[in-house]
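Read off the chains here:
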Amino acid sequence: MKTYMLDKVLDTGTTYTAESDKAYIIRKVGTTSTSKATLEVAGADCLEILDEIARTHPTTYYLYDLLDLGDYYVVVPPDKKFGFSGSSGSKMRIVGEILELAPGEALPSPYMGRYAEQAKKYMSYLRGTYSHGTDTAWTANDENNVLSKTAEAGTKYHIVGPVYAKLANLSAVHSPGDWTLRFYLQGAPWDILSTNMGDLGVDLWKCYWNDGTNYYYKPFKPTNLPPEIEPGRSFVVSMINSSGASKSPSSGASLTATVTVGVVVELL
């Protein structure tokens, strides 16, 4: 078996076919799709991403790169068809290895094992938005839910990140410590319980900030979060005005929060 570098860009809506003696091992992905981009191999969905957490390359205002799939990489065996669906005209960049097999050589068993599993345990995301109301100020210490998810029967979600978050339409510069994200599992906060130890939640500055003119986004990898959402259990991410003062939107606009969290979906 020979191994070559894989780094290719796919077009949405196009069906590709692996050569009879070659397999793709896709370890990192990114997309330009602003809506869900779903990668399909041999008719089975095995990856869901969007540009907020997995970009094809860094840009001036989006300071992050491809999403590393880790243990949840995607395998395209020889002769299998694959492709992705996403927003119109979007692209998906795939990075990893090309395996060239000798005549009669089979794909190594670890890859065949992952291929058999990848439609039942794959990278995806949860996303939520909250709009506070046109010309409505967000008062100090006010907390509002941005993302809420209850795991469906037969489905488990593993919280692995990254976490992308932003707050749009602020009338003033966003400063460190002004806004925080708080994570809950089944109503219990994964956090301190009293402000005697500091602000509640995680500083939004970890994944969003501006310099007074330009906005920058960089998702962060969570640590010590609830490891999984079991069927029937809930996961919530809220946003808090931790600045100590009321915050207003730009005239005629609404303060709008967005949170996207990378997860592994496991079909039980």
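Read on for a plain summary of the structure. From a predicted model like this one, the values you see are computed outputs, not experimental measurements.

Rules behind the numbers
- The residue numbers shown here count from 1 along each chain, following its written sequence.
- Whole-chain, interface and lining totals are the exception, using all residues; otherwise, since this is a predicted model, local features are given only for residues with pLDDT of at least 70 and side-chain atom pairs are given and counted only at 80 or more.
- Hydrogens and waters are ignored; side-chain quantities use all the structure's heavy atoms.
- In summary, the pairing rule links any two rings of Phe, Tyr or Trp, Trp by its six-membered ring, whose centres are within 6.5 Å, and it sorts them by plane angle into stacked for under 30 degrees, edge-to-face for over 60 and tilted for everything else.
- Here, a charge over a ring is recorded when the distance from Lys NZ or Arg CZ to the ring centre is within 6 Å and its angle to the ring normal is within 35 degrees.
- Only buried residues count toward a nonpolar core. Its members are Ala, Val, Leu, Ile, Met, Phe, Trp, Tyr and Cys residues joined through side-chain atoms within 4.5 Å.
- Between buried and exposed lies partly exposed: a residue is buried under 20% and exposed over 50% of the maximum accessible area for its type, with that area taken using a 1.4 Å probe on protein chains only.
- Secondary structure is summarised from DSSP: a helix means a run of H or I of at least four residues, a strand means a run of E of at least two, and numbering begins at the N terminus for each.
- Residues count as neighbours in contact if any of their non-hydrogen atoms are within 4.5 Å of one another.
- Pairing between strands requires that DSSP locate at least two bridges from one strand to the other.

Focus on the packing of aromatic side chains
The full count for this structure, using the stated rule, is 14 aromatic pairs. Linked through ring pairs, Y62, Y64, Y164, Y208, Y215 and Y217 together constitute an aromatic cluster. The cationic tip of K206 hangs over the ring face of F220; the distance from NZ or CZ to the ring centre is 4.9 Å.

Quick word on the nonpolar core
With 36 residues, the main nonpolar core has L167, L181, L204 and M239 as its most contacted residues. Of all elements in the fold, only β10 (121–134), β11 (143–150), β12 (155–168), β13 (179–185), β19 (234–241) and β20 (254–267) reach the threshold of two or more residues within this core. Discounting residues that sit within four places of it in the chain, L204 has contacts with A165, K166, L167, H174, W179, T180, L181 and M239. Grouped together as the second largest cluster of nonpolar side chains are 25 residues, L6, I26, F84 and V264 included.

A look at the environment of A119
With respect to the helices and strands, A119 occurs in the loop between α1 (109–117) and β10. Residue A119 is classed as partly exposed on the basis of its relative accessible area, which comes to 29%. Taking the C-alpha atoms as reference, A119 lies 9.4 Å from V74; in sequence the two are 45 residues apart. Setting aside its immediate chain neighbours within four residues, A119 contacts A44, D45, C46 and L267.

Some thoughts on the sheet that holds strand β5 (residues 44–49)
In space, the four strands of this open sheet follow the order β2-β8-β4-β5, with antiparallel pairing throughout. Both edges of this open sheet fall to β2 (16–17) and β5, since each of them pairs with a single strand only.

Considerations on the sheet that holds β12
Overall, antiparallel pairing links the four strands, which are arranged β10-β20-β12-β18 in an open sheet. Strands at the two margins of the open sheet, each flanked by one partner only, are β10 and β18 (228–229). The pairing of β12 with β20 spans eleven bridges and is classified as antiparallel. Bridge pairing links I159 to V263 in β20.

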